[in-house]
Amino acid sequence: MAIRVLHATYQRYYVPGIVRQLEYEQRAAQKLQIPWRSCLFMPSDAHCDSEVIVKGNISARDRAGSKSEYYKWLRDASGDCDLVLLRHSFGDFRELQFLRTADHAVFLTHHTLEEHEILSVRTLKARLKWIAEVAIGPICIRHAAGIIAATNEIASYEKARSGNHKHALIYPNGIEIVSGRQLLDNKNFPAPSFAFVASHFAPWHGLDRLVKSAQSCKEEFACHVIGEVPAIYHDLSLSDRRFVLHGLLPKPDVSRTVSQCQIGLGSFALDRIKMSEACTLKTREYLANGIPVYSGHVDIFPREFPYYRVGAPDVRHIVEMSREAMKWRRNDVVNAAMPYIDKSILLGNLYRNLTQILEK
């Protein structure tokens, strides 16, 4: 009998990337015909709708009340499941209570090095959250049946800080691949041109490092910066006309702008949150559209994979790859990337591994 899985997440405010991941996952489950439910629980006043969003009756203003309502919903929703996947919530005592009293196996999912990410924000509130996570996080992980991590680095970190050497599975971010699409080739657009996309540019994206590198490079290029750019980086890039700041754009405009670039850029400062590996959604979206990637960090792709290149935030190297990409067919990029980014393939692998663990 197929195991029934609930994958649950709580977010107080709308985070587009998390919603898209759960949407891709739910549609992949339907395609694979497995009993899997992906849910994002949000407060009543969340300004968003999706097939995966469950809205409570309490507003985001009542933080404690909304979180308590989430765990009540979680207990009810998981009643007819064999397994719950629960996105780890920083320093959350109610998560620990749920883990201690759950009637079924619960795996915690992890997408970052939690303690390091919290400390990347230098405020008193962040410091208090860090203290709570240091105290509660490792205990939560020890009470879980296992760990599901986005990268090997995250899995090793969670095992080390908790002493939990139970099951640890790797489940990278993925994307829905639309087959049969005809993509324009890079030769249709002027080179060198590259896209740097984020909903909000944080310190670990390393936009400042890229701008600094450009100061010693006289080459002509166009770097399309798409997303909310804080004032400090805005001032840096305004001094260089080769950086085109678009701000936040509707999804169709993002797709159109990125499609006219030879390559997409990943992050260049993960070291600021003590990370060296990541599997970002934007990388998958680039590759799914036939756009190769230049990034400052390791991803899940093997070293010989030609369409994901790891390097320093050196504009000269990025320009070089942009010109090289003129020779690559975008459909070839999609086909080569598919085993690593297709959500259906990734979910199918995870489900088989979870089934094997529960049937032992």
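This text goes with the structure placed above it.
Now for a description of the structure that goes with this document. Since the structure is predicted, the reported quantities are computational estimates derived from the model, not experimental observations.

Thresholds applied
Residues numbered from 1 in each chain as written. Predicted model: local features only at pLDDT ≥ 70, side-chain atom pairs only at ≥ 80, totals over all residues. Heavy atoms only, no water. 1 Å grid on protein atoms, 1.4 Å probe; cavity = no way out; pocket = protein on both sides within 12 Å on 5 of 7 lines; lining within 4 Å. Points joined across faces, edges and corners; volume = space filled by probe spheres on them. Disulfide = S-S within 2.5 Å. Buried < 20%, exposed > 50% of the residue type's maximum accessible area, 1.4 Å probe, protein only. Pairing = 2+ DSSP bridges. Helix = DSSP H or I, 4+ residues; strand = E, 2+ residues; numbered from the N terminus. Right-handed = clockwise from strand over helix to strand, strands pointing away. Contact = heavy atoms within 4.5 Å. Core = buried A, V, L, I, M, F, W, Y, C linked by side-chain atoms within 4.5 Å. Axes fitted to C-alpha atoms, helices over the stretch in contact; angles between N-to-C directions.

## Side note on the layout of surface pockets
By volume, the second largest pocket amounts to about 200 Å³. What lines the second largest pocket is Val298, Asp299, Phe301, Pro302, Arg303, Phe305, Pro306, Tyr308, Arg309 and Val310.

## A short note on the state of the cysteines
For the coordinates displayed, the defined rule picks out zero disulfides. The thiol of Cys217 is not disulfide-bonded; the next cysteine sulfur, from Cys223, is found 12 Å away. Overall, Cys217 belongs to the buried group, its relative accessible area being 3%.

## Some words on the pairing of strand β7 (residues 167–170)
With four bridges connecting them, strand β6 (residues 146–149) and β7 associate as parallel partners. Within the sheet, the bridge partner assigned to Ala149 lies in β7 and is Ile170. Taken together, β6, helix α6 (residues 152–162) and β7 form a β-α-β motif whose crossover is right-handed.

## A closer look at the side chain of Ser344
Relative to the helices and strands, Ser344 is located in helix α13 (residues 343–359). Contact partners of Ser344, with chain neighbours within four places excluded, come to Ala28, Lys31 and Leu32.

## Quick look at the nonpolar core
Across soluble globular proteins, nonpolar side chains show a tendency to be buried alongside one another. In terms of nonpolar packing, the biggest core is built from 49 residues, with Leu210, Cys223 and Leu265 touching the most fellow members. The element contributing the most residues to this core is strand β8 (residues 193–200), with five residues. Setting aside residues up to four positions removed in sequence, Leu210 forms contacts with Phe196, Cys223, Phe243, Leu265, Phe268, Pro313, Val315 and Ile318. Phe41, Ala77, Phe98 and Ala155 belong to the second-largest nonpolar core, a separate cluster that totals 35 residues.

## Focus: the packing of helix α10 (residues 281–288) against helix α12 (residues 330–341)
When two helices pack together, you describe them by how their axes are tilted relative to each other and by the distance separating the axes. The interhelical angle for the contact between α10 and α12, taken along N-to-C directions, is 145°, at an axis separation of 9 Å. Contacts between α10 and α12 involve Arg284, Leu287 and Ala288 on the former and, on the latter, Val333, Val334, Ala337 and Ile341.

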